[in-house]
Amino acid sequence: MLGRALAWTRPGRRDQRDGDERDVLVTLIVLLGAPGAGKGTQAAALRDRLGIPHIATGDLFRAAIRDATPVGLEAKSYMDAGQLVPDDVTIRVLEERLGRPDAAAGAILDGFPRTVVQARALDTFLAGHGRRVDAALLIDVPAEDLVERLSGRWICRAAGHPYHVAMNPPQVAGICDIDGSALVQRDDDRPETIRARLASQLADLDAVVEHYRGTGALRTVDGRRPIAEVSAGLVGALGALDTAPPGRA
Ligand code: AP5
Ligand code: MG
């Protein structure tokens, strides 16, 4: 399986389940990109190839809003305004999710970290578990393309699978190809909220990109190309890491 080829063993880190000592395959990938760059689209493709969960803080917040939890109630006002949810809430939500068993062998993080405070918190959390960010993949899309992508996006009600009216349409209008649920527009894809998201979040993205340039984990892929070509670019970037993991070359 490709996941096997892309992941790499951690010398010195052992899995003792079943009384059998063996190396553990760990792949912790961070997907970086502006709102609408294609993080969710590509994370789903990588999840299918690597067999590790796709964890998106935006999806976790939208589920919390749907369930009217205290986190959801707090996050909603920020999301509706196009602002980032405060770091302390976001870090807590992410760490809780990353601590679940299905993330033990790795995860694809989509939309986290969004600030340097979050990036450092993630580094500390992972170090506490003998892990680190193996690859920070930046999907690079110029600002002028993002408004069109976001205003044409439809997602499915059941699982948030993303489509685009022109660039990635479903086979049957208004219906998700994958689970058959109805397609809806996200609340924060209204034109005024799109503008607010882009205006307020791009500087933080730049700072996070610099953080991962510093750790050596950053790889940049041209996100203007068609979806399948961006996927191939990301897989290529991970393949290069397989032979020379960041910080261990
Ligand atoms: P979140 O849900 O993470 O939204 P986002 O970062 O704004 O990104 P999007 O989900 O809008 O875009 P995407 O990059 O996933 O693109 P997609 O694949 O859908 O966050 C929402 C809110 O939650 C934030 O504003 C904030 O308030 C809060 N939040 C979340 N995480 C947080 C954190 N860590 N800290 C604080 N607050 C947080 O693609 C977009 C469209 O383009 C689709 O229609 C798709 O079909 C199309 N498309 C994709 N790729 C291509 C391509 N190559 N060519 C043509 N079209 C394409
Ligand atoms: Mg997304």
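Residues numbered from 1 in each chain as written. Chains lettered and ligands numbered in written order. Predicted model: local features only at pLDDT ≥ 70, side-chain atom pairs only at ≥ 80, totals over all residues. Heavy atoms only, no water.

K.L.:
Help me understand the packing of helix 3 (residues 57-66) against helix 5 (residues 87-98) in this model?
P.N.:
What describes two packed helices is the angle between their axes and the distance between those same axes. At a minimum axis separation of 10 Å, helix 3 and helix 5 run at an interaxial angle of 100°. Relative to helix 5, helix 3 is oriented roughly perpendicular. Where helix 3 abuts helix 5, its residues Thr 57, Leu 60 and Phe 61 lie against Val 89, Thr 90, Val 93, Leu 94 and Arg 97. (Axes fitted to C-alpha atoms, helices over the stretch in contact; angles between N-to-C directions. Helix = DSSP H or I, 4+ residues; strand = E, 2+ residues; numbered from the N terminus. Parallel < 35°, antiparallel > 145°, perpendicular 65-115°, else oblique. Contact = heavy atoms within 4.5 Å.)

K.L.:
Can you help me understand the site of ligand 1 in this one?
P.N.:
As a structural note, the neighbourhood of ligand 1 is formed by 38 residues, with Thr 41, Gln 83, Arg 153, Tyr 163 and Arg 197 the closest of them. Arg 149 is positioned with one of its side-chain polar atoms (N or O) 3.4 Å from a nitrogen atom of ligand 1. Within the side chain of Arg 186, one N or O atom sits 2.9 Å away from an oxygen atom of ligand 1. Expressed as a share of its isolated accessible area of 1,000 Å², the protein-covered part of ligand 1 is 97%. For the shell around ligand 1, the elements supplying multiple residues, two or more each, are helix 2 (39-50), helix 3, helix 7 (143-151), strand 7 (162-164), helix 8 (191-215) and helix 9 (227-243). The element that contributes the greatest number of residues to the shell around ligand 1 is helix 3, accounting for four residues. When the residues that make up the shell around ligand 1 are grouped by side-chain class, the tally is 15 nonpolar, 14 polar and nine charged. (Near = heavy atom within 4 Å. Polar contact = N/O pair within 3.5 Å; in protein donor to acceptor, adjacent residues only side chain to side chain. Areas by Shrake-Rupley, 256 points an atom, 1.4 Å probe, with all protein chains shown as cover. Nonpolar A, V, L, I, M, F, W, Y, C, P; charged D, E, K, R; others polar.)

K.L.:
Where do I start with helix 2 in this structure?
P.N.:
Owing to its 3.6 residues per turn, the α-helix brings residues three or four apart onto one side. In this model, helix 2 (twelve residues) spans 16 Å end to end at C-alpha, consistent with the 16 Å of a helix rising 1.5 Å per residue. All of the buried residues along helix 2 are Lys 39, Gln 42, Ala 43, Ala 44, Leu 46 and Leu 50. With its phi angle positive at about 70°, Gly 51 sits one or two positions after the end of helix 2. (Expected span 1.5 Å × (residues − 1). Buried < 20%, exposed > 50% of the residue type's maximum accessible area, 1.4 Å probe, protein only.)

K.L.:
I would appreciate a short explanation of the packing of helix 6 (residues 116-127) against helix 8 in the present structure.
P.N.:
Put simply, helix 6 and helix 8 touch, their axes get as near as 8 Å, and they point 35° apart. For the pair formed by helix 6 and helix 8, the contact residues are Val 116, Ala 119, Arg 120, Leu 122 and Asp 123 on the first element and Ala 207, Val 208, His 211 and Tyr 212 on the second. Considered class by class, the residues forming the contact of helix 6 with helix 8 number six nonpolar, one polar and two charged.

K.L.:
Explain the pattern of salt bridges here, please?
P.N.:
Where charged atoms from two side chains of opposite charge approach closely, those side chains can pair. For the structure on display, the rule yields 13 salt bridges. Measuring nitrogen to oxygen at the nearest pair gives 2.8 Å for the salt bridge that ties Arg 62 to Asp 59. One end of the pair, Arg 62, and the other, Asp 59, are both in helix 3, three residues apart, so they sit about a helical turn from each other. Residue Arg 197 pairs with Asp 189 through a salt bridge whose shortest N-O separation is 2.9 Å. Asp 189 carries the same exposure label as Arg 197, and that label is buried. Counted as one network, the salt bridges with shared partners bring together Arg 153, Arg 186, Asp 188, Asp 189 and Arg 197. (Salt bridge = Lys/Arg side-chain N within 4 Å of Asp/Glu carboxyl O.)

K.L.:
Where do I start with the sheet that holds strand 6 (residues 153-156) in this structure?
P.N.:
With respect to topology, three strands assemble into an open sheet ordered 7-6-8, the strand pairing being antiparallel. Each edge of the sheet is formed by a strand with only one pairing partner; in this case those strands are strand 7 and strand 8 (183-184). Bridging between strand 6 and strand 8 involves two bridges; their strand directions are antiparallel. Within the sheet, the bridge partner assigned to Ile 155 lies in strand 8 and is Val 184. (Pairing = 2+ DSSP bridges.)

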